[in-house]
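What follows is the residue order along each chain.
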Amino acid sequence: MTSPRVGVLIVNLGTPDAPTAEAVKIYLREFLSDPRVVEIPAIAWQPILRGVILNTRPAKSARAYAEVWTPEGSPLAVNTRAVAEAFKGREDVIVDWAMRYGNPSIATRIDALMASGCERILIAPLYPQYCAATTASVMDAVSAALAPMRRQPAIRMMPPYHDDPAYIDALANAARAEIAALPFVPERIVASFHGMPERTRTLGDPYHDQCVETARLLGDALGQPVAISFQSRFGRAKWLEPETESVLRAAAGDGVGDIAVITPGFAADCLETLEEIGLRGKDAFLGAGGRNFALLQCLNASGDAIHLYRTLIARETAGWLDGF
């Protein structure tokens, strides 16, 4: 009798289907309606979302997406798909990919894995640092997908890996190679992570501390300090500090001429890395008197990334697969 196949579902945050206002509106409506993302009672939040935000923000965001869109599609989707495709070829395992918001959805890909004979599925969120708005939200979506099923697959969830030696090695190896190829030597390296409201930290979310630990371990591996900052603020609430553009401007003001920014919380390059840091962050630094700016690539589907994910997936599928 043939053994059931194992499925691995790689999950990233999400992206609109196109760099248009309508596509962005659909995406933002789903994203910003998640109570894990916006922790305001729906009765108060939904009128603001539908009455103001969804009528103003999509056009602006669509212009930003258009600046980084590729012929193959959204950079986040292209890079995430490439990770899954790097693991093709084995008969006993299927590696697929999904987005928490947008397409392809978690529910549709779980259905597809089950239709392909996968009775055991590892959910692998590409979020190195745990955050309720990301990691827990994926778990919510998986639970919602399984809820109507009479016959459910066995599920495992890959834990965050913010301090895993394989992750730190992958970051450090990739950073060293990129820095060595630059036409300048960075005087300072800044690790920019996605921001979260400060309130989430006081409520017990470990995200901030895990980001700090990632930056510390990366600095140890590189043999030089790595400064930390947080980007992508939204709304009027107090967010985690220090804010990335402020850090870049302050560095230039302090006489730092050459800087490199790495974004370790993002597994794949996307709007927040390519446009927010690579374009707007660069303009902020150079406009404040900086000389040279480099955005180091995310791991994407590089050799370092594939080695990392192979290590993590092998660990989490132990007993299901004979190696990975």
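Reading the values: the criteria
- Here the residue index of a chain counts from 1 through its sequence in written order.
- Where totals are concerned, whole chains, interfaces and linings use all residues; where local detail is concerned, this predicted model gives features only for residues with pLDDT of at least 70, and gives and counts side-chain atom pairs only at 80 or more.
- Just so you know, side-chain values use all the structure's heavy atoms and leave hydrogens and water out.
- To qualify as a helix, a DSSP run of H or I must reach at least 4 residues; to qualify as a strand, a run of E must reach at least 2; elements of each kind are numbered from the N terminus.
- We compute the radius of gyration over the C-alpha atoms and compare it with the globule rule, which gives 2.2 Å times the number of residues raised to the power 0.38.
- The buried label applies to any residue whose accessible area, calculated with a 1.4 Å probe on protein chains only, is under 20% of its type's maximum; exposed applies above 50%, and partly exposed to all values in between.
- Any pair of residues with heavy atoms lying within 4.5 Å of one another is described as a contacting pair.
- Residue-level accessible areas treat just the shown protein chains as cover; the underlying method is Shrake-Rupley with a 1.4 Å probe.
- By the convention used here, strands pair only if DSSP detects at least 2 bridges between them.
- In this description, a line fitted to the C-alpha atoms serves as the axis of each element, helices being fitted only across the stretch in contact, and the angle between N-to-C directions of two axes falls anywhere from 0 to 180 degrees.
- To form a nonpolar core, buried Ala, Val, Leu, Ile, Met, Phe, Trp, Tyr and Cys residues must be joined to one another through side-chain atoms within 4.5 Å.
- By convention in these notes, a salt bridge is any Lys or Arg side-chain nitrogen within 4 Å of a carboxyl oxygen on Asp or Glu.

1. Observations regarding the overall build of the chain
Step number 1: A count of helices and strands for the chain gives 11 helices and eight strands.
Step number 2: Computed over C-alpha atoms, the radius of gyration of the chain comes to 20 Å, within 12% of the 20 Å expected from 2.2 N^0.38 for 324 residues, which places it in the range of a compact globule.
Step number 3: Dimensions of the chain, computed from the C-alpha atoms along their principal axes, are close to 70 × 50 × 40 Å.
Step number 4: Across the 324 residues of the chain, 52% fall into the buried class.
Step number 5: Within the chain, contacts between residues at least 6 apart in sequence are counted, and of these 77% link residues at least 24 apart.
Step number 6: Of the roughly 14700 Å² of accessible surface on the chain, a fraction of 53% belongs to carbon and sulfur atoms.

2. Here's the deal with the sheet that holds strand β1 (residues 5-15)
Step number 1: Read from one edge of the open sheet, four strands run β2-β1-β3-β4, paired in parallel fashion. Either end of the sheet is taken by a strand with one partner, and the two such strands are β2 (93-102) and β4 (154-157). Recorded for the sheet is a direction-independent mean angle of 25 degrees between the axes of neighbouring strands.
Step number 2: Note: β1 against strand β3 (residues 118-125), seven bridges, orientation parallel. In the strand pairing of β3, leucine 9 is matched with isoleucine 123.

3. Section: the side chain of arginine 100
Step number 1: Tracing the sequence through the fold places arginine 100 in strand β2.
Step number 2: Residue contacts for arginine 100: discarding those within four places in its chain leaves Val11, Asn12, Leu13, Glu30, Asp34, Ile106, Tyr127, Ser137, Val138 and Ala141.

4. Considering the nonpolar core
Step number 1: Counting residues in each nonpolar core, the largest one holds 61 residues, and the members touching the most others are Val95, Tyr161, Tyr207, Leu308 and Tyr309.
Step number 2: Ignoring anything within four residues of it in the chain, the contact list for valine 95 reads Val8, Ile10, Ala84, Phe87 and Phe324.
Step number 3: Grouped together as the second largest cluster of nonpolar side chains are 34 residues, Tyr27, Leu54, Ala62 and Tyr101 included.

5. Focus on unusual backbone geometry
Step number 1: A cis geometry characterises the amide bond from asparagine 103 onward to proline 104, with omega recorded as -10 degrees.
Step number 2: With respect to the element layout, proline 104 can be found in the loop between β2 and α4 (106-115).
Step number 3: With omega at -5 degrees, the peptide bond leading from glutamate 241 into proline 242 counts as cis.
Step number 4: Checked against the element boundaries, proline 242 lands in the loop between β6 (226-231) and α9 (244-253).
Step number 5: Even without glycine at this site, serine 232 takes up a positive phi of about 60 degrees.
Step number 6: One non-glycine residue, asparagine 300, lies in the positive phi region at around 50 degrees.

6. Section: the pattern of salt bridges
Step number 1: As enumerated under the stated definition, the model contains 14 salt bridges in all.
Step number 2: The closest approach of N and O atoms between arginine 36 and aspartate 140, which form a salt bridge, is 2.7 Å. Residue arginine 36 is found in the loop between α1 (21-31) and α2 (42-68), and its partner aspartate 140 is found in helix α5 (residues 132-146); the two are separated by 104 residues along the sequence.
Step number 3: Overall, arginine 36 belongs to the partly exposed group, its relative accessible area being 32%.
Step number 4: On the basis of relative accessible area, aspartate 140 is assigned to the partly exposed category, the value being 31%.
Step number 5: A salt bridge links aspartate 92 to arginine 90, with the nearest nitrogen and oxygen atoms 2.7 Å apart.
Step number 6: Exposure remark for aspartate 92: the relative accessible area of 32% places this residue in the partly exposed category.
Step number 7: Its relative accessible area of 29% is what places arginine 90 among the partly exposed residues.
Step number 8: Connected through shared salt-bridge partners, Glu187, Asp258 and Arg291 make up one network.

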